[in-house]
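Inside the fold
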Amino acid sequence: HFDGHTKFSSISYLDEDPNRVLGHLETVGQEPWNNNNDVVLEDVDGSAFSPNGLTPGFLVTNKPAMTTFADCSPLAENGDGLHAAFCPNVCLRTVTYLTDSSGTEDVVLFVRRRSDGRSLTVTSLVDEDKSKLAKSTTTWYRTYSSSLPLGEGYDVEFRRAGSSDAMWPTYVKQVFEYAPDCASTEMDIALAIPDVPPGDYCAQLIKNGDLESGSYTSWHSHQATEFSVVSPGHADSPGYALMYRGNHVAAVDQYLDQRCIGAEENAGARFDVSVTFII
């Protein structure tokens, strides 16, 4: 998922029949559309995508994450579902959250608009067809995206599917797309960060990934061409093997809980890390 910002002007259609034009545009949101799951196209003056050719707005993929908070109308049916919608007289901006892909398979993003309490549950986008090595890399994020009308306030939090309790997926990065031309205000969005569990949760920053069962949970590879669980490792227990390192910074790594690193009670704290490895 990425923000591919491009701007066009003076667009002309070879086919003057507006119904046929809408039929072609309707395939914009058909998944996978050139491997793009979420499409958001701003029509500054209404001349490009608006059904009446006059009303400014946005052409978007017809899915709840894009349309829940805006007054959108699906485009004409083409026999294969309504994949795109037009949202008139609204200014949308997409926010994306990148999280650690490990241990978050059942995590969803809950979004609530403050003004009326309308809510949305966003499931993640992640390419499960990738190879085992690709899925183990540090940057194989789990992503959550939604297009939200500017001028409103929103509260967001992560939850386990089926739960109403906020949780934290260890690592979260908030990314705003390029501001649209219609933007006159910043997004008012608050991400809930739950308190860390009581006790000594932050005393051990490194998570045990359950190597004994061959699991990669919590662990990732960085700039290597082979990453696997091997046995024996240290003291007859399994270990991770990072092979064919193409760079001196190639390593095995994992995300540390941001709440522990930034916790006030840990200010000035020293953490000792020990590693056993075989060359």
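Structure: above.
Quick look at the structure, then. Just so it is clear, the model here is predicted, and its values are computed rather than measured. (Residues numbered from 1 in each chain as written. Predicted model: local features only at pLDDT ≥ 70, side-chain atom pairs only at ≥ 80, totals over all residues. Heavy atoms only, no water.)

Turning our eyes to something else, we now look at the state of the cysteines. A complete count under the given rule lists three disulfides for this structure. What pairs with Cys 91 in a disulfide is Cys 182, and their sulfur atoms sit 2.0 Å apart. Between Cys 91 and Cys 182, the S-S dihedral sits near 90°, and the bridge is therefore right-handed. Taken together, the positions of Cys 91 in the loop between strand E4 (84–88) and strand E5 (92–99) and Cys 182 in the loop between strand E11 (172–176) and strand E12 (188–191) put the pair 91 residues apart, joining distant regions of the chain. Classification of Cys 91 by relative accessible area gives buried; the value is 13%. Here Cys 182 falls in the partly exposed class, since its relative accessible area comes to 31%. Of note for the chain: the bonded cysteines, numbered N- to C-terminal, pair according to 1-2, 3-4, 5-6. (Disulfide = S-S within 2.5 Å. Helix = DSSP H or I, 4+ residues; strand = E, 2+ residues; numbered from the N terminus. Buried < 20%, exposed > 50% of the residue type's maximum accessible area, 1.4 Å probe, protein only.)

It is worth spelling out the sheet that holds strand E3 (residues 73–74) at this point. The antiparallel open sheet is built from four strands, whose spatial order is E1-E2-E4-E3. The outermost strands of the open sheet, each flanked by one partner alone, are strand E1 (40–43) and E3. The pairing of E1 with strand E2 (residues 57–61) spans four bridges and is classified as antiparallel. Residue pairing in the sheet places Val 40 in a bridge with Val 60 of E2. (Pairing = 2+ DSSP bridges.)

Moving on, we get to the pattern of salt bridges. Counting across every chain of the model gives eight salt bridges. Residues Arg 93 and Glu 186 are paired through a salt bridge, measuring 3.9 Å at the closest nitrogen-oxygen approach. A residue pair is termed long-range when its members are at least 10 positions apart, and Arg 93 in strand E5 and Glu 186 in the loop between E11 and E12 qualify at 93 residues. In this structure Glu 186 comes out as exposed when scored by relative accessible area, which is 65%. Arg 114 is the salt-bridge partner of Asp 188, the closest N and O atoms lying 2.9 Å from each other. (Salt bridge = Lys/Arg side-chain N within 4 Å of Asp/Glu carboxyl O.)

This part takes up the environment of Lys 173. For Lys 173, the location among the structural elements is in strand E11. Sequence separation of Lys 173 and Thr 99 is 74 residues, and the distance between their C-alpha atoms is 6.6 Å. Other than its neighbours up to four places away in sequence, Lys 173 contacts Thr 96, Tyr 97 and Leu 98. (Contact = heavy atoms within 4.5 Å.)

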